[in-house]
Amino acid sequence: MPDLLLELFSEEIPARMQARARDDLKKLVTDGLVEAGLTYAGAGVFSTPRRLVLAIEGLSSESRPVREERKGPKSDAPDAAIEGFLRSTGLSRDQLELRDDKKGQVFFAVIERPGRAAPAIVAEVVESAIRNFPWPKSMRWGDGALRWVRPLQSILCILAYEAGAEVVPVAVDHLTASNTTEGHRFLAPARFPVSSFDDYTAKLRRAFVMLDSAEREAHIWNDATNQAFANGMEVVPDAGLLTEVAGLVEWPVVLLGKIGEAFLGLPSEVLQTSMREHQKFFSVRAKSGRIEGFVTVANTVTRDHGATILAGNQKVLSARLSDAKFFWENDLRVAKAGMMEWAEGLKSVTFHNKLGSQFNRVERIAALAAEIAPLVGADAAEAALAARTAKLDLRSSMVGEFPELQGTMGRYYAAEAGLSPAVANAARDHYAPLGPSDAVPSEPVSVAVALADKIDTVVHFWTDVERPTGSGDPFALRRAVLGVSRLIYENSLRVHLASIIVTVVQRSPRLSMLTRDEKHNLSRFSNSERVIRELLTERESTIQSLQKHRAIDPKSFEHQITSGAMALNRDQLREAIMQRRLTMEKLKQIMAEKKVIEDRIRKEPADLLTFFHDRLKTYLRDQGIRHDVIDACLAMPGNDDLTLLVKRAEALAAFLKTDDGPNLLQGYKRASTILAQAEAKDGVEYSYGADVRFADCDEERSLFAALDVAEAKISPAMKAEDFAAAMAAMAQLRAPIDGFFTAVQVNADSEILRRNRLNLLHRIRSLCGQVADLTKLDG
């Protein structure tokens, strides 16, 4: 069985595309081979900046013969149907077979395909993979029609047997496969032949190419950490940058450099971000924690051991850091002056055309943060100040250059402005958490501002702009809702989310804008009315004045009526009436939109709370809590208290994993079902209290006693929100309930016994129902 080696050699492939390209190449080729009838033992895929490589072991030498039978149309079917069947099978009419079927004779096609040699199949599959490769972006070059991420220069495709290697006849436009490749662009550019994967990797290494990206990553990291350690420093871990840099070089050469003294006063985050984003440098910090050096990775070996490369990189880095230093110093000047310049600047920045400016948004967040603050143990005035400070760095030069530093720079600027550490930390932390794995802020002021920021975003975008759909969430509302949920329950906050949502919904910025527009247009309408009255009065006065001279000079009277002041008055009156009409139309539009929004405001809180619950359910399912457990807890009162909700769900999930849990659930559901059927049949509710005096067997009396004991434990536990203790007490009911149903017929002939037992079932339902709505549990 041969081994397949495929190399697609091109100009430099962007590092960010290499991982997906490896997966795509493996899937396209292996799926194609299997569909064509070949099997294989294993497959590995590799990449460097200039090549994609697939190695397949134990490929079958030919596909197995295939015999397939296809049922076609009936013998008396229209000719068009029969011709279509023939085209799909590739057979002629005389090659079809007539067989008896339930509905008469039917045509059958027997298709036999002989086995094919592996080289022919591989050639077809590889050509198809190359032509249909799903690059995120691709290009054409020269006169050919082939599209590739960068110009494809050669194809190496061989099948390696024990006796030697065979070149697979792959041809794609101007390229024909061979058994040759080339090494490093600068250190070993000559082409050389290979005969197997082992031969290929060995010769590549001699030609200064490390084929495996994982090996390049390990080499870069080991060299970097060793060099930093030798200089008494350490490299700041950055897994994403390490993967990216490993995708930029075929023969990594690690070089350690120093940052100029003039730039060591910049914040560490600024140095790291500038070096990472612009230069792809790793940051190196001293034992003091200050960033003092950098690691760059060259793609070649030089006679001076990288001194020239390092000098050039340091020169470019100095220019970049000079810009950063200028931004930093300019921003510090504004920060020390109280940041009022930035606060004014937020007024000219539109957050959203339906939600006002960034300044308007900050004021809403500040008001909400002050209201949330007592609920999270923060000072209201400090929370409001933190909210007004948190977004100011958006107007800074540094954040303008590096948007990813928003919040981080805000903390520095708040500290420079003389604000408290709690306010400064809130500027940094209020964006968190951004994802399900991010840390959650725990300082009270930070929590208050973070909650206010996210709730304001969710509520107003949901109400006034656009809700998420199954196919899109352009404003990341799902992420914001998850952030709110985690802030609440990971900090064990007792917050009633529904009341907060109602408060925020009622402050709809769109409604405020419409109300302002309504007042403005009402003023314009009143002004138009006043102008019309004045013009009509003036017109009447002029006519009366002219009437006195009508008998003396009729021609002059007619002239005065149709020209001069009267004509001007008429034009002004016409314009005023038009203005009044337009204003009235605008007012009608505003009132209609206001009514829509006011109707929304009345029903949005319930819909929004459901949206919060849906996101929380998704998150808890990822934590291993079943959907039906969450539904059972959501059905209970107080489900807008997310901490209580999660606590209840976790306790119920743990209870159902015990032996008693599922068994008690069956007893509860049996009791609930019998009771529901009886209440529906009799048209009454059996909840008037069961009496132990009517119990006629030991099992029934035991259930009465067990319910008394459980109630004495469950009720106090529920008041203390000790759900684990409540469920432990509930578990003690398992045996008495089982014994009761084994020994007792609920629907007894005696009506007294029947009613008493149904009331007893009600006690089971109401007592167990304090924990969760167990009817919503599966099983």
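How each quantity is defined
Residues numbered from 1 in each chain as written. Predicted model: local features only at pLDDT ≥ 70, side-chain atom pairs only at ≥ 80, totals over all residues. Heavy atoms only, no water. Helix = DSSP H or I, 4+ residues; strand = E, 2+ residues; numbered from the N terminus. Rg over C-alpha atoms; globule rule 2.2 N^0.38 Å. Buried < 20%, exposed > 50% of the residue type's maximum accessible area, 1.4 Å probe, protein only. Contact = heavy atoms within 4.5 Å. Areas by Shrake-Rupley, 256 points an atom, 1.4 Å probe, with all protein chains shown as cover. Pairing = 2+ DSSP bridges. Axes fitted to C-alpha atoms, helices over the stretch in contact; angles between N-to-C directions. Parallel < 35°, antiparallel > 145°, perpendicular 65-115°, else oblique. Left-handed = near helix turned anticlockwise from the far one by under 90°. Core = buried A, V, L, I, M, F, W, Y, C linked by side-chain atoms within 4.5 Å. 1 Å grid on protein atoms, 1.4 Å probe; cavity = no way out; pocket = protein on both sides within 12 Å on 5 of 7 lines; lining within 4 Å. Points joined across faces, edges and corners; volume = space filled by probe spheres on them. Disulfide = S-S within 2.5 Å. Phe/Tyr/Trp six-rings, centres within 6.5 Å; stacked < 30°, edge-to-face > 60°. Lys NZ or Arg CZ within 6 Å of the ring centre and 35° of its normal. Nonpolar A, V, L, I, M, F, W, Y, C, P; charged D, E, K, R; others polar.

> Can you break down the overall build of the chain residue by residue, with the values?
Counting secondary structure elements, the chain contains 27 helices and 18 strands. Here the C-alpha atoms of the chain give a radius of gyration of 40 Å, more than 25% beyond the 28 Å that 2.2 N^0.38 yields for 779 residues. Summarising its shape, the C-alpha atoms of the chain cover approximately 120 × 105 × 85 Å along the three principal directions. Counting every position in the chain, which comprises 779 residues, the buried fraction comes to 46%. Across the chain, the fraction of contacts at a sequence separation of at least 24, relative to all contacts at a separation of at least 6, is 70%. When the accessible surface of the chain is summed, it comes to about 38,200 Å², and 51% of that surface belongs to carbon and sulfur atoms.

> Quick rundown of the sheet that holds strand 13 (residues 233-235)? Include the residues and the values.
If you trace the four strands from one edge of the open sheet to the other, you get 13-15-16-14, paired in antiparallel fashion. The strands lining the two open edges of the sheet, one partner per strand, are strand 13 and strand 14 (253-258). Looking at each pair of strands side by side, their axes are set apart by 30° on average, direction ignored. Pairing analysis gives four bridges linking strand 15 (residues 282-286) to strand 16 (residues 291-298), with the strands arranged antiparallel. Each residue of the ladder has a partner; that of F282, found in strand 16, is V295.

> Tell me what's going on with the packing of helix 11 (residues 380-390) against helix 15 (residues 444-465), and back it up with residues and numbers.
Between helix 11 and helix 15, the shortest axis-to-axis distance is 9 Å and the interhelical angle comes to 60°. The angle between helix 11 and helix 15 places the two elements in the oblique class. For the pair helix 11 and helix 15, the crossing hand works out as right-handed. Here helix 11 contributes E382, A383, A386, A387 and A390 to the contact with helix 15, which in turn contributes V445, A448 and V449.

> For the side chain of S446, give the residues involved together with the corresponding values.
Turning to its location among the elements, S446 is positioned in helix 15. With sequence-adjacent residues up to four places away left out, S446 is seen in contact with A422, N425, A426, D429 and P441.

> Could you give an account of the pairing of strand 7 (residues 152-161), with specific residues and numbers?
Extensive coverage of strand 7 is indicated by the burial of eight of its ten residues. Of the pairings in the sheet, the one linking strand 7 to strand 8 (residues 164-167) comprises four bridges and is antiparallel in character. By the bridge assignment for strand 8, L159 is matched with E166. Two successive antiparallel strands, strand 7 and strand 8, enclose a turn made up of two residues.

> I'd love a proper account of the nonpolar core, names of residues and values included.
Of all hydrophobic cores here, the largest spans 109 residues; its most connected members are L451, I455, L652, M730, L733 and L761. No other element matches the twelve residues that helix 15 contributes to this core. Core analysis: the second largest hydrophobic core is formed by 38 residues, V29, V45, I56 and W135 among them.

> Pulling in residues and values, what's your account of empty space enclosed by the protein?
Under the defined criterion, the tally for this structure stands at one cavity of 30 Å³ or more. By volume, the largest cavity is sized at about 30 Å³. Along the walls of the largest cavity sit F655, L656, G661, L664, L665, M730 and L774, which together make up its complete lining. Counting residues per element, the ones that place at least two in the lining of the largest cavity are helix 22 (642-656) and helix 23 (660-682). The greatest single-element share of the lining of the largest cavity, amounting to three residues, is contributed by helix 23.

> For the state of the cysteines, give the residues involved together with the corresponding values.
Scanning the entire structure with this criterion turns up zero disulfides. Cysteine C633 shares no disulfide, and the gap to the nearest cysteine sulfur, in C768, comes to 14 Å.

> Outline the packing of aromatic side chains, supporting the account with residue identities and numerical values.
Throughout the structure, instances matching the rule amount to 16 aromatic pairs. Where F461 meets F475, the ring centres are 4.4 Å apart and the plane angle is 25°; that geometry is what we call stacked. In this pair, F461 is assigned in helix 15 and F475 in the loop between helix 15 and helix 16 (477-490), connecting sequence segments 14 residues apart. Here the aromatic rings of Y489 and Y619 are separated by 6.0 Å at their centres, their planes lie at 40°, and the arrangement is tilted. Separated by 130 residues along the polypeptide, Y489 in helix 16 and Y619 in helix 20 (residues 565-622) bring together distant segments of the chain. Here the two residues Y489 and Y619 agree in accessibility, since each one is buried. An aromatic cluster of three or more residues is present, and its members are W328, W342, Y412 and Y413. Sitting over the face of the ring of F108, R99 holds its NZ or CZ atom 4.6 Å from the ring centroid.

> Please set out the packing of helix 13 (residues 408-416) against helix 14 (residues 421-429) residue by residue, giving values where relevant.
At their nearest, the axes of helix 13 and helix 14 sit 6 Å apart, and the two run at 165° to each other. Judged by the inter-axis angle, helix 13 sits roughly antiparallel to helix 14. Note on packing geometry: the crossing formed by helix 13 with helix 14 is right-handed. Between helix 13 and helix 14, the residues in contact are T408, G410, R411, A414 and A415 and A424, N425, A427 and R428, respectively. Counted by class, the contact of helix 13 with helix 14 contains four nonpolar, three polar and two charged residues.

> Account for unusual backbone geometry, with residues named and values stated.
Negative phi values dominate among residues other than glycine, just as trans dominates among peptide bonds. A cis amide bond links A432 to the next residue, P433, at an omega of -5°. Structurally, the position occupied by P433 is in the loop between helix 14 and helix 15.

> Pulling in residues and values, what's your account of the sheet that holds strand 1 (residues 3-10)?
Taken in spatial order, the five strands of this open sheet run 2-3-1-7-8, and their pairing is antiparallel. With partners counted over all chains shown, the strands left at the sheet margins are strand 2 (42-48) and strand 8, one partner each. Each neighbouring strand pair of the sheet contributes to a mean axis angle of 20°, computed without reference to strand direction. Bridge count for strand 2 against strand 3 (residues 51-57) is seven bridges, and the pairing is antiparallel.

> Kindly report on the layout of surface pockets, identifying the contributing residues and their values.
Space inside the largest pocket adds up to approximately 720 Å³. Looking at the largest pocket, it is lined by 28 residues, and the ones nearest its centre are Y431, A432, L434, K454 and R479. Elements with a minimum of two residues in the lining of the largest pocket: helix 10 (358-376), helix 14, helix 15 and helix 16. For the lining of the largest pocket, the leading source of residues is helix 15, giving four residues.

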